[in-house]
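Residue strings, one per chain:
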Amino acid sequence: MSAQQIDAQWLPQEGETLVFDVNPVLNERQTHYCPGCHHGIAHRLVSEVLHELGVAERTILVAAVGCATFTYDYFNVDGLEAPHGRACAVATGVRRARPESVVFTYQGDGDMAAIGMAESLHAANRGEKITSIFINNTVYGMTGGQMAPTTLLGQKTTTTRQGRDMHNEGGPIRMAEIMAQLDVVA
Ligand SMILES: Cc1ncc(C[n+]2csc(CCOP(=O)(O)OP(=O)(O)O)c2C)c(N)n1
Ligand code: SF4
Ligand SMILES: [Mg+2]
């Protein structure tokens, strides 16, 4: 059976209503994420929103470093990669140079709240017209589960074997709450 014939058999037949269709903003490819990883779910939700809003054609994705470093392979939009932690700074430049674009970053907690804390917070404080998708899994997933700024108290990671201790590693940084109290953040 040809690819076209296979596709055709999924089209609604007479009397049937299509209730779920393939999302063209999400590329069809084998996932590199672990089974059950939240990144795949987040990719799907974000791509569905872009599709629903009809803005995919003018969207530019700024990918970060971490397990989702290949985000641009999954999204059918223009995109580029920023060095570790610098996604908001790169996105600032992209959005200012192309104000007609919808620009979004996709960053893990290590990327956004550790090495990229300054870039993220200052971009938010400037009210840059970008959207940041913050994927907080409370560890550095890609590099083997080390403690991240958002690691919960008592949480065991490869660098906090006995669990995160407030007096040794400080408490979890509440990134969204910190940003929410800035004047120009939406
Ligand atoms: C300058 C620099 N320092 C360290 C690294 C190593 N590194 C790659 S991914 C990563 C942590 C990523 O964690 P997070 O952003 O939470 O993403 P996750 O994998 O958990 O989704 C680190 C430390 C790097 N690539 N570049
Ligand atoms: S290590 Fe964690 S964040 Fe990375 S792919 Fe596996 S489940 Fe997802
Ligand atoms: Mg993480």
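Just so it is clear, the structure is predicted and the values come from calculations on it, not from any experiment. (Residues numbered from 1 in each chain as written. Chains lettered and ligands numbered in written order. Predicted model: local features only at pLDDT ≥ 70, side-chain atom pairs only at ≥ 80, totals over all residues.)

Just checking my understanding: could you explain the overall build of the chain for this structure?
On a plain count of helices and strands, the chain comes out with eight helices and six strands. Ordered by position from N to C terminus, the α and β elements of the chain give α-α-β-α-β-α-β-α-α-β-β-β-α-α. Considering only C-alpha atoms, the chain reaches an extent of 65 × 40 × 30 Å along its principal axes. Partitioning the contacts of the chain with sequence separation of at least 6, the portion at a separation of at least 24 is 59%. (Helix = DSSP H or I, 4+ residues; strand = E, 2+ residues; numbered from the N terminus. Contact = placed C-beta atoms within 7 Å.)

For this particular structure, what's the right way to read the site of ligand 1?
Neighbouring ligand 1 are 17 residues, the closest being Gly 66, Cys 67, Gly 108, Gly 110 and Gly 141. Among the elements of the structure, helix H5 (109-115) and strand E5 (139-140) are those that each provide at least two residues to the shell around ligand 1. Among the elements that line the shell around ligand 1, the one with the most residues is H5, at three residues. Per-class residue counts for the shell around ligand 1 are eight nonpolar, seven polar and two charged. (Near = placed C-beta within 6 Å. Nonpolar A, V, L, I, M, F, W, Y, C, P; charged D, E, K, R; others polar.)

Please clarify how the environment of Leu 11 should be interpreted in this entry.
Relative to the assigned elements, Leu 11 resides in the loop between helix H1 (3-8) and helix H2 (38-53). Measuring from C-alpha to C-alpha, the distance between Leu 11 and Asp 21 comes to 9.4 Å, with 10 residues separating the pair along the chain.

Sorry if this is basic, but what is going on with helix H6 (residues 117-126) here?
Residues lying three or four places apart along an α-helix face the same way, a consequence of the helix completing one turn every 3.6 residues. Along H6, the residues classified as buried are Glu 119, Ser 120, Ala 123 and Ala 124. All buried residues of H6 project into a common sector of 125 degrees when viewed along the axis, lining one side. Those residues of H6 that are buried lie in contact with helix H4 (87-97), H5, strand E4 (131-135) and helix H8 (175-180). Just downstream of H6, Gly 127 is the residue with a positive phi angle, here 70 degrees. (Buried ≥ 20, exposed ≤ 12 C-beta atoms within 10 Å, placed from the backbone. Arc of directions from axis to C-beta.)

Mind showing me how you'd approach the site of ligand 2 here?
Lining the immediate surroundings of ligand 2 are Tyr 33, Cys 34, Cys 37, His 39, Cys 67, Asn 137, Gly 141 and Met 142. Class assignment of the residues belonging to the shell around ligand 2 gives a composition of five nonpolar, three polar and no charged.

Is there a simple way to think about the sheet that holds strand E3 (residues 102-108) in this case?
Pairing between sheet strands relies on hydrogen bonds along the backbone, with the strands arranged either parallel or antiparallel. Strands sit in the order E2-E1-E3-E4 across an open sheet of four strands; the sheet is parallel. Each edge of the open sheet carries a strand with a single partner, namely strand E2 (78-81) and E4. When strand polarity is set aside, the average angle formed by the axes of neighbouring strands in this sheet is 20 degrees. Of the pairings in the sheet, the one linking strand E1 (residues 59-63) to E3 comprises five bridges and is parallel in character. (Pairing = 2+ DSSP bridges. Axes fitted to C-alpha atoms, helices over the stretch in contact; angles between N-to-C directions.)

What's the story with H2 in this structure? I'm lost.
Between the first and last C-alpha of H2 there are 23 Å, a value that for 16 residues agrees with the 22 Å anticipated at 1.5 Å per step. Residues of H2 that are buried: His 39, His 43, Val 46, Ser 47 and Leu 50. Down the axis of H2, the smallest arc covering the buried residues is 100 degrees, so these residues share one side. Residues Ile 41, Leu 45 and Glu 52 are exposed on H2 and point more than 90 degrees away from its buried face. Of the surrounding secondary structure, the elements contacted by the buried residues of H2 are E1, helix H3 (71-74) and E4. Positive backbone phi, approximately 70 degrees, marks Gly 54, located one or two places after H2. (Expected span 1.5 Å × (residues − 1).)

How should unusual backbone geometry be read in this particular structure?
Leaving glycine aside, a negative phi is the common case for residues, and trans is the common case for peptide bonds. Even without being glycine, Thr 138 reaches a positive phi, approximately 65 degrees. Of note, Thr 138 is situated in the loop between E4 and E5.

What am I meant to see in the nonpolar core here?
Counting residues in each nonpolar core, the largest one holds 26 residues, and the members touching the most others are Leu 61, Val 62, Ala 64, Ala 87, Ala 91 and Tyr 106. Counting only elements with at least two residues in this core, the list comes to H2, E1, H4, E3, H6 and E4. With four residues, H4 is the single largest residue contributor to this core. For Ala 64, the residues in contact, after removing those within four places along its chain, are Thr 69, Ala 82, Ala 87, Thr 105, Tyr 106, Gln 107, Gly 108 and Asp 111. Membership of the second largest hydrophobic core comes to seven residues, among which are Met 112, Val 139, Met 147 and Ala 148. (Core = buried A, V, L, I, M, F, W, Y, C linked by C-beta atoms within 7 Å.)

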